[in-house]
Amino acid sequence: MNLTQEDWISQFEADEKAVMLDVRTEDECDQGIIEGSINIDFHKGQEFIDAIAALDKNKNYYVYCRSGARSAKACEMMNELGIENAYNLLGGIIEWNGDIV
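Residues numbered from 1 in each chain as written. Predicted model: local features only at pLDDT ≥ 70, side-chain atom pairs only at ≥ 80, totals over all residues. Heavy atoms only, no water.

Draft legend 1. Representation of the sheet that holds strand β3 (residues 38-39) within the structure. Taken together, five strands build an open sheet; the order of strands is β1-β5-β4-β2-β3 and the sheet is parallel. Unpaired on one side and paired on the other, β1 (2-3) and β3 mark the two borders of the sheet. By the bridge criterion, three bridges tie strand β4 (residues 60-64) to strand β5 (residues 86-89) in an arrangement that is parallel. Paired with V63 across the two strands is N88, which belongs to β5. (Pairing = 2+ DSSP bridges. Helix = DSSP H or I, 4+ residues; strand = E, 2+ residues; numbered from the N terminus.)

The following block contains the structure:
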């Protein structure tokens, strides 16, 4: 499900089962991440799929990338692997107005 930044962050902050995922590359993450996010590189192919499959399916995942395209695909894959609640950040980190660490 695609959410605007306002909806994404307000829903994340109110969610006791929230996990934030950054699906960018390590090099991209070195330029800054949204605090508290876990990196799982979308471009790692099977390694990415295995990491997603190992996630707790009872949690809710808030996913972002650089522009929102990879994270949208990641959310679709997560749904296919049994994770019902995966939320894509529209516009990605390049349109993020919050803090980056």
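Draft legend 2. The pairing of β4, seen in detail. A large share of β4 lies buried, amounting to five of its five residues. Because side chains alternate across β4, one face comprises the buried residues N60, Y62 and Y64, and the other comprises Y61 and V63, equally buried. Summarising the sheet, strand β2 (residues 18-22) and β4 pair through five bridges and their orientation is parallel. Within the sheet, the bridge partner assigned to M20 lies in β4 and is Y62. (Buried < 20%, exposed > 50% of the residue type's maximum accessible area, 1.4 Å probe, protein only.)

Draft legend 3. The packing of aromatic side chains, seen in detail. Enumeration according to the criterion identifies six aromatic pairs in this entry. On the basis of an interplanar angle of 85° and a centroid distance of 5.7 Å, the ring pair of W8 and W96 is categorised as edge-to-face. Remark: W96 occurs in the segment after β5 and W8 occurs in helix α1 (residues 5-14); sequence separation between them is 88 residues. Accessibility expressed as a relative area gives 0% for W8, which makes it buried. (Phe/Tyr/Trp six-rings, centres within 6.5 Å; stacked < 30°, edge-to-face > 60°.)

Draft legend 4. The arrangement of the nonpolar core in detail. Counting residues in hydrophobic clusters, the biggest one holds 16 residues, and the most contacted among them are L21, I52, L55, Y61, V63 and M78. Secondary structure elements with two or more residues in this core: β2, α3 (46-53), β4 and α4 (69-80). The biggest single contributor to this core is α4, with three residues. Those residues in contact with Y61, other than ones at most four positions away along the chain, are V19, L21, L55, D56, M78, I83, N85, A86 and Y87. Within the second largest apolar cluster, ten residues are counted, among which are L3, W8, Y62 and Y87. (Core = buried A, V, L, I, M, F, W, Y, C linked by side-chain atoms within 4.5 Å. Contact = heavy atoms within 4.5 Å.)

Draft legend 5. Highlighting the side chain of R24. Position of R24 relative to the elements: it lies in the loop between β2 and α2 (26-30). When its relative accessible area of 4% is taken as the criterion, R24 is described as buried. At 2.6 Å, the side chain of R24 forms a polar contact with the backbone oxygen of G32. Not counting residues up to four positions away in its chain, the partners in contact with R24 are C29, G32, I33, N39, D41, Y64, C65, R66, R70 and I93. (Polar contact = N/O pair within 3.5 Å; in protein donor to acceptor, adjacent residues only side chain to side chain.)

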